[in-house]
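Results of the structural survey
In case you want the letters, here they are:
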Amino acid sequence: MKKGSLITLTARGLYCEMGDFYIDPWKPVERAVVTHAHSDHAYRGSGSYLVADEGIALARIRLWSEENPDPKIEGVTYGKQLDINGVKLSFHPAGHILGSAQVRVEHKGEVWVVSGDYKLTPDPTCRAFEPVKCHNFITEATFGLPIYRWPKPTDVFGEINNWWRRNQEREKASVIFAYSLGKAQRVLAGVDASIGRIYTHGAVERITEAYRDAGVKLPETTYAGSVEKKKDFIGSLVIGPPSAQATTWMRKFGTPSTGFASGWMMVRGARRQRAVDRGFVLSDHADWPELNEAIRATSAETVYVTHGFMDEVVRWLNEQGINAVRLKTHFLGDDAPELIDEENEAILPKWRV
């Protein structure tokens, strides 16, 4: 980034000096503007947080800590423009998870957009991505290779439903691993709940309740920890975070069939590496065509590419006549870990790079 740019890269994160705020900082700062509640974008310990109002409840869950049990969080309606020290700031839907947003920053006619994470695939659990015109666009590149082209969600959920039914016939529980925030709720919204009972890990259940409170329609679920008899899980669907796979939590379900929902399941060998029976290609990030479509829709003069296949996307965009620059940040995309407090079935308060 050029010296004196409206947004610059610092040791604490993306910084707007004119407005004196950071966007998705990876260290505590006085004023943080947050694109969404995943742990590599929402870091605990800052003095105050500004988020899209649909993401307030999720931000409170993820930013809570024993040191700061009541973080200062303010919500702003999508599209509403704020004036912060002469800098215009607004949030625009990113289509990633509930409350996810792109951050538009403008000063003296210069416009930047920080995308956070995003996808264009329709998702009933969050607002659809809205392209925003700008001069400079900071984009993710989690799945920035041509091999990543998502199948239709209806096809994926058809596969999950058929797997669930087959396991039910074999008197097995179906345990599917999906990130507790966003992916798990998308699985819930897409499966056929008439097949059988649905149970959740504690970390998933807490987030799911926040989605319901926000008006997202999801099928009935039961907290798995409230069930005493293993036989009650026979024929059911159980949704847990990936980190729970290697914990004693799995003992509840006897000898279940296991599955994993992730965009990485498109890669040969990914299912074997995850040590699961089935892999389902389902991502909350843009695939290759969506990345290209979203970037072109901004009409940006310069595109900064971060977290993911940065070099490959930068090379491709420059070959297409779009000025692109590699931007190294601490964002992790779909590799962001969810560390589990096994005893309390909750996401631990710190993330690792």
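Data block above holds the structure.
One structure accompanies this document, and this report is about it. Counting restarts for each chain: residues are numbered from 1 in the order of the written sequence. Local features in a predicted model are, by the rule used here, given only for residues with pLDDT of at least 70; side-chain atom pairs are given and counted only at 80 or more, and totals for whole chains, interfaces and linings are based on all residues. Values shown for side chains rest on all heavy atoms present in the structure; no hydrogens or waters enter the calculation.

**Thoughts on unusual backbone geometry**
In most cases, non-glycine residues show a negative phi, while peptide bonds are predominantly trans. Stated precisely, the cut-off is as follows: Numbering of helices and strands runs from the N terminus, with a helix taken as a DSSP run of H or I at least four residues long and a strand as a DSSP run of E at least two residues long.
Backbone geometry at Asn85 places phi at a positive 55°, although glycine is not the residue there. As for its placement among the helices and strands, Asn85 is situated in the loop between β7 (82-84) and β8 (87-93). Even without a glycine there, the phi angle at Ala275 is positive, about 60°.

**Looking at the pattern of salt bridges**
Applied cut-off: In the sections that follow, a salt bridge refers to a side-chain nitrogen of Lys or Arg positioned within 4 Å of a carboxyl oxygen of Asp or Glu. Using a 1.4 Å probe on the protein chains alone, a residue whose accessible area is under 20% of its type maximum counts as buried, one over 50% counts as exposed, and one in between counts as partly exposed.
Summed over the entire model, instances satisfying the criterion amount to 10 salt bridges. Across the pair Arg104 and Glu106 runs a salt bridge, and its minimum N-O distance is 2.8 Å. The buried category is assigned to Arg104, whose relative accessible area is 16%. On the accessibility criterion, Glu106 (15% relative accessible area) is buried. Among the salt bridges present, the one from Arg212 reaches Glu209, with a minimum N-O distance of 2.8 Å. Within this pair, Arg212 and its partner Glu209 are both found in helix α4 (residues 202-213), separated by 3 residues, close to a single helical turn.

**Details of the nonpolar core**
Quick note on the threshold: Here, nonpolar core means buried Ala, Val, Leu, Ile, Met, Phe, Trp, Tyr and Cys residues that are tied together by side-chain atoms lying within 4.5 Å of each other. Residues count as neighbours in contact if any of their non-hydrogen atoms are within 4.5 Å of one another.
The biggest cluster of nonpolar side chains holds 30 residues, and the ones touching the most others in it are Ile176, Tyr211 and Ile239. Elements with a contribution of two residues or more to this core: α1 (56-63), α2 (153-169), α3 (183-190), α4 and β15 (237-240). With 5 residues, the single largest contributor to this core is α2. Those residues in contact with Ile176 that sit more than four places away from it in its chain are Ile160, Trp163, Val187, Leu237, Val238, Ile239, Gly240, Gly259, Phe260, Ala261 and Phe280. Among the nonpolar cores identified, the runner-up in size contains 26 residues, and Trp26, Phe91, Tyr304 and Phe331 belong to it.

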